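Descriptive structure summary
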Amino acid sequence: MAINWNILSKYKAELYGFSILWIMLFHGITSHSIGALDKNFRFLTNLIKHGNCGVEIFLFLSGVFLYFSMKKKKSSISKFYRKRILRIFIPLLLIDGIYWGYTDIYQHHSLVTFLKNITFYSFWVEGNKIVWFIALILLLYFVYPLIFRYVLEPFDGSEESLGIIILLCALVYGWCYVLNKSLGSGVHEWYMITEIAWTRIPVFLLGCYVGPLVYQNKPVANWVLICSAIATGWGLYFFYHHFGLVKWYRVQYLLVAPSMAIWGAILINALNNKYINEIFSFLGNRSLELYLSHVVFQKIFLDCHWYGTNKVHNFHMFLKFVCVISIVVSIIVSNISKKTIRALQLR
């Protein structure tokens, strides 16, 4: 049976749901190395320890579906920016803004620190990584209309478009290489505290290239299916044999994450399980709110030392406190955010 690129659109919510769940479990296992799985599930440990790959899947999908926003609604650039700023900053203010308001302003009496956090200055200049992903995605949202206008729209998923995207990826990796090799300087130090963002940009660019292919529902070439299957298998092998694929500027994830998205969608389609789809869709439709809330509750969990020496118990506590509360908060904030955006759009 032929596989079309539109399968990514068909299971968009499920893939987002899988990626945010993987990220949350990853934080539960790796944060301060306090968590561990029960012996019945310990075979999943190395897979979960690579949940940072969920970030690459998230960015890849974001690059894909921004094309839909620009193409379907034919919105102006100002409307494109306005929608994304509202979509991000309403949940950010309701979740992290309240947390920073309490810790920065109420506890430490520092409005400056609050402003640094809320504007992402604290990440780009000081390396505070609590919501580094939001700092990055806003930057990518800002440059996307340029990519759409000068790369995607003129060449529309052609080989020329792929060539330009590959060139842009090479430039990003070159930028990272130069910054990383600036040893003994403030430039190198700045790169080390922000590389978590810079090295993720290429996978977003690859998603940008795939966007027109998904929108036009083009068939996935056999060589793509074969190569992505090999990349997925290779990634899983390294997950279990060589912990840590973040070396070499995370180039490995550029291959593994999109491949896992493709084969993840194929697997979901093959399973055709209503309950699995509903669970992942539920999480995926609230993935932004889940990300914002779980990083806050994870920090509270760790700062308050609500864990002991039993790693399995710690992980169970993480699931109960961080994950469950994050889901509840994400539901509330998602509803408020949707109603607020709807009200603002009516004006």
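Everything that follows concerns the structure shown earlier in this document.
Residues numbered from 1 in each chain as written. Predicted model: local features only at pLDDT ≥ 70, side-chain atom pairs only at ≥ 80, totals over all residues. Heavy atoms only, no water.

**Points about the overall build of the protein chain**
- Within the protein chain, the secondary structure is distributed over 16 helices and zero strands.
- Relative to its length of 347 residues, the protein chain is compact, with a C-alpha radius of gyration of 20 Å against a globular reference of 20 Å.
- Expressed along its principal axes, the backbone C-alpha trace of the protein chain runs to roughly 55 × 50 × 50 Å.
- Burial status across the protein chain gives 51% buried among its 347 residues.
- In the protein chain, the share of contacts with a sequence separation of at least 24, taken over all contacts with a separation of at least 6, comes to 79%.
- Summing over all exposed atoms, the protein chain offers an accessible surface of approximately 17,300 Å²; the carbon and sulfur share of this is 67%.
- Here the protein chain contributes 31 positive and 15 negative side-chain charges, whose respective centroids are spaced 6 Å apart. (Helix = DSSP H or I, 4+ residues; strand = E, 2+ residues; numbered from the N terminus. Rg over C-alpha atoms; globule rule 2.2 N^0.38 Å. Buried < 20%, exposed > 50% of the residue type's maximum accessible area, 1.4 Å probe, protein only. Contact = heavy atoms within 4.5 Å. Areas by Shrake-Rupley, 256 points an atom, 1.4 Å probe, with all protein chains shown as cover. Lys, Arg positive; Asp, Glu negative; His and termini not counted. Charge placed at Lys NZ, Arg CZ, Asp CG, Glu CD.)

**Details of the layout of surface pockets**
- The space that makes up the largest pocket amounts to roughly 960 Å³.
- Lining the largest pocket are 30 residues, and of these Lys12, Lys83, Arg84, Arg87 and Tyr141 sit closest to its centre.
- Among the elements of the structure, α2 (12-30), α4 (53-72), α5 (77-107), α8 (132-155), α15 (287-303) and α16 (311-346) are those that each provide at least two residues to the lining of the largest pocket.
- The element contributing the most residues to the lining of the largest pocket is α4, with eight residues.
- Of the residues that constitute the lining of the largest pocket, the class distribution is 13 nonpolar, eight polar and nine charged. (1 Å grid on protein atoms, 1.4 Å probe; cavity = no way out; pocket = protein on both sides within 12 Å on 5 of 7 lines; lining within 4 Å. Points joined across faces, edges and corners; volume = space filled by probe spheres on them. Nonpolar A, V, L, I, M, F, W, Y, C, P; charged D, E, K, R; others polar.)

**As for the nonpolar core**
- Membership of the largest hydrophobic core comes to 102 residues, with the highest contact counts inside it found for Leu8, Ile134 and Tyr144.
- Sequence-distant contacts of Tyr144, defined by excluding residues within four places in its chain, comprise Gly63, Leu66, Tyr67, Met70, Phe80, Leu152, Phe204 and Cys208.
- Counting residues in each nonpolar core, the second largest holds five residues, with Leu25, Ile29, Leu37 and Phe315 among its members. (Core = buried A, V, L, I, M, F, W, Y, C linked by side-chain atoms within 4.5 Å.)

**Here we look at a nonpolar patch on the surface**
- Taken together, Leu94, Val324, Val328, Ile332 and Ile336 make up a surface patch of nonpolar side chains, about 390 Å² in accessible area.
- Counting residues per element, the nonpolar patch draws most heavily on α16, which supplies four residues.
- As for its placement among the helices and strands, Leu94 is situated in helix α5. (Patch = residues over 30% accessible without salt bridge, like charges linked within 9 Å, V, L, I, M, F, W, Y side chains within 5 Å. Salt bridge = Lys/Arg side-chain N within 4 Å of Asp/Glu carboxyl O.)

**As for the packing of α5 against α8**
- Taken N-terminus to C-terminus, the directions of α5 and α8 make an angle of 170°; their axes are 10 Å apart at the nearest point. The pairing of α5 with α8 is recorded here as roughly antiparallel in orientation. Contacts between α5 and α8 involve Ile77, Phe80, Tyr81, Arg84, Ile88 and Phe89 on the former and, on the latter, Ile134, Ile137, Leu138, Tyr141, Phe142, Tyr144 and Pro145. (Axes fitted to C-alpha atoms, helices over the stretch in contact; angles between N-to-C directions. Parallel < 35°, antiparallel > 145°, perpendicular 65-115°, else oblique.)

**Section: the packing of helix α11 (residues 201-215) against helix α13 (residues 251-271)**
- In the contact formed by α11 and α13, the axes pass within 9 Å of each other and the chain directions differ by 45°. Taken together, the axes of α11 and α13 are oblique relative to one another. Regarding α11 and α13, the two cross each other, and that crossing is right-handed. Of the residues in α13, those in contact with Pro202, Val203 and Leu206 of α11 are Tyr253, Leu254, Ala257 and Pro258. (Left-handed = near helix turned anticlockwise from the far one by under 90°.)

**Quick notes on the packing of aromatic side chains**
- Under the counting rule described, the total for this entry stands at 30 aromatic pairs.
- Judged by centre distance (5.6 Å) and plane angle (80°), the rings of Tyr237 and Phe238 are edge-to-face.
- By relative accessible area, Tyr237 is classed as partly exposed at 45%.
- Among the aromatic residues, those joined into a ring-pair cluster are Phe65, Tyr67, Phe68, Phe80, Tyr81, Phe142, Tyr144, Phe148, Phe204 and Tyr215. (Phe/Tyr/Trp six-rings, centres within 6.5 Å; stacked < 30°, edge-to-face > 60°.)

**Remarks on the side chain of Ser287**
- Considering the arrangement of structural elements, one finds Ser287 in helix α15.
- Taking relative accessible area as the criterion, Ser287 reaches 7% and is therefore assigned buried.
- A polar side-chain atom of Ser287 sits 3.1 Å from the main-chain carbonyl oxygen of Gly284.
- If we ignore the near neighbours within four places in the chain, the residues touching Ser287 are Tyr16, Ile20 and Phe58. (Polar contact = N/O pair within 3.5 Å; in protein donor to acceptor, adjacent residues only side chain to side chain.)

**Topic: the environment of Leu254**
- Position of Leu254 relative to the elements: it lies in helix α13.
- According to the relative accessible area criterion, Leu254 is buried, its value standing at 15%.
- The residues touching Leu254, leaving out its near neighbours within four places in the chain, are Tyr173, Pro202, Val203 and Leu206.

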